[in-house]
Amino acid sequence: MRKPLLGALLAVLLLGAGAAPATATGLDAVALAKTSPTAPSGTRAGVTAPGGTDVAAKAVSYAGTVALSNCSGSVVRTPGSQPNDFALVLSNGHCVESGFPAAGQVIVNQPSTRSFTLLNAAGTGVATLRASKIAYATMTDTDVSLYQLTSTYAQIQSRYAITALDLNTTRPVQGTAIKVVSGYWKRIYTCNVDGFAYQLKEGQWTWKDSVRYTSACNTIGGTSGSPVIDNTTGKVVAVNNTGNESGGRCTDNNPCEVDQNGNVTVRQGINCAQETYQIVPCVGTGTTINLSLPGCALPKP
């Protein structure tokens, strides 16, 4: 999670000047030379759903994803979102421009003018979107940020022919085929949900019921905030946020898993995400974040 700028500069030297985005700055802007993930094919393919049923996969692309200055993200909507609502951008709490929120800290309705590069299906930047505020951000129990934009869903659709990604309303299932779509690096990682961590501890932060990927999703710095998309439904089920880099135990950049009995497991090289279904009950009229709504369990200030 915590990444030095030096890594991004190293990536430029290793991969060539064109490999790193021009905006590779900030704590999460690093890429080490690793195996490239699977690129999007743009075609439908058969996948096997949990339980062994063959289903048609959605064609997952970059459409609706965004690049931040130091992270990835996506334009998202809930089932209750209306065309004239101001759109929301989903990323990580540790990606906010004011720095990492401390354990126990919750940010609500903090003014922001942050910009986001909106990508089309091919991964080409087609627009610069701008925030009006950080509607919600925290690194407590989860690692999530939601920016409210100055553009509505209808404006984004009519101007750029891009539809926001849908947030799934239920918890993901073990074995689900997924893609992690990074707007920052324009890379798509393909793997499965390997399981869940009862608690994921990294430095001062603890996250609950985190998604663990199979090893094929070898995500890197800059992919933080990427939407994790269910191949079958095309909906966002989680937001990519961290991985154990060097085998450390519960330290920065080296999260560990803690089970219900307090047993600690370290999985070097395995990466994780935070579930997003719990965001849906907290989004009220006009895409405002209302932490008092029934069913909303996000941490409160």
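Residues numbered from 1 in each chain as written. Predicted model: local features only at pLDDT ≥ 70, side-chain atom pairs only at ≥ 80, totals over all residues. Heavy atoms only, no water.

Caption draft 1: Inspection of the overall build of the protein at higher detail. In terms of helices and strands, the protein carries two helices and 18 strands. Taking all 301 residues of the protein together, 52% fall into the buried category. Restricting the contact set of the protein to residue pairs at least 6 apart, pairs at least 24 apart contribute 66%. Carbon together with sulfur atoms contributes 51% to the accessible area of the protein, which is approximately 12100 Å² in total. (Helix = DSSP H or I, 4+ residues; strand = E, 2+ residues; numbered from the N terminus. Buried < 20%, exposed > 50% of the residue type's maximum accessible area, 1.4 Å probe, protein only. Contact = heavy atoms within 4.5 Å. Areas by Shrake-Rupley, 256 points an atom, 1.4 Å probe, with all protein chains shown as cover.)

Caption draft 2: Examining the environment of Ala59 more closely. Relative to the elements of secondary structure, Ala59 occurs in the loop between β2 (54-56) and β3 (65-67). Taking relative accessible area as the criterion, Ala59 reaches 43% and is therefore assigned partly exposed. In this structure the C-alpha to C-alpha distance between Ala59 and Thr233, which are 174 residues apart in sequence, comes to 9.7 Å.

Caption draft 3: Seen up close, the environment of Val75. With respect to the helices and strands, Val75 occurs in strand β4 (residues 72-77). Considering only alpha carbons, one finds Val75 and Leu90, 15 residues apart in sequence, at a separation of 6.3 Å.

Caption draft 4: A look at the state of the cysteines. Per the stated rule, a full pass over the model turns up four disulfides. Residue pairing for Cys250: its cysteine sulfur links by disulfide to Cys256, the two sulfurs lying 1.9 Å apart. What sets the handedness of the Cys250 and Cys256 disulfide is the S-S torsion sign, and at about 100° it is right-handed. The residue that forms a disulfide with Cys282 is Cys296, at a sulfur-sulfur distance of 2.0 Å. As the torsion about the S-S bond is roughly 100°, the Cys282-Cys296 disulfide counts as right-handed. Pair noted here: Cys282 is in the segment after β18 (271-275) and Cys296 is in the segment after β18, with a separation of 14 residues, a long-range link. When sorted by exposure, Cys282 lands in the same class as Cys296, which is buried. When the cysteines engaged in disulfides are numbered in sequence order, the protein pairs them as 1-2, 3-4, 5-6, 7-8. (Disulfide = S-S within 2.5 Å.)

Caption draft 5: Layout of the nonpolar core. Counting 48 residues, the largest nonpolar core has Val75, Leu90 and Phe116 as its most contacted members. Sorting the residues of this core by element identifies β4, β5 (86-91), β6 (106-111), β7 (115-119), β8 (125-138), β9 (144-152), α2 (153-160) and β15 (236-243) as the ones contributing at least two each. Ranked by residue count, the leading element in this core is β8, at seven residues. Ignoring any residue separated from it by four or fewer positions in sequence, one finds Val75 in contact with Gly64, Val66, Ala87, Leu88, Val89, Leu118, Leu129, Tyr153, Ile156, Ala164 and Leu165. In this structure, Val180, Tyr213, Cys217 and Val237 belong to the second largest nonpolar core, which totals 16 residues. (Core = buried A, V, L, I, M, F, W, Y, C linked by side-chain atoms within 4.5 Å.)

Caption draft 6: Summary view of the pattern of salt bridges. This model, assessed by the stated rule, comprises eight salt bridges. Note that Glu97 is salt-bridged to Arg114, the shortest N-O span being 3.5 Å. Taken together, the positions of Glu97 in the loop between β5 and β6 and Arg114 in the loop between β6 and β7 put the pair 17 residues apart, joining distant regions of the chain. Measuring nitrogen to oxygen at the nearest pair gives 3.7 Å for the salt bridge that ties Lys208 to Asp141. (Salt bridge = Lys/Arg side-chain N within 4 Å of Asp/Glu carboxyl O.)

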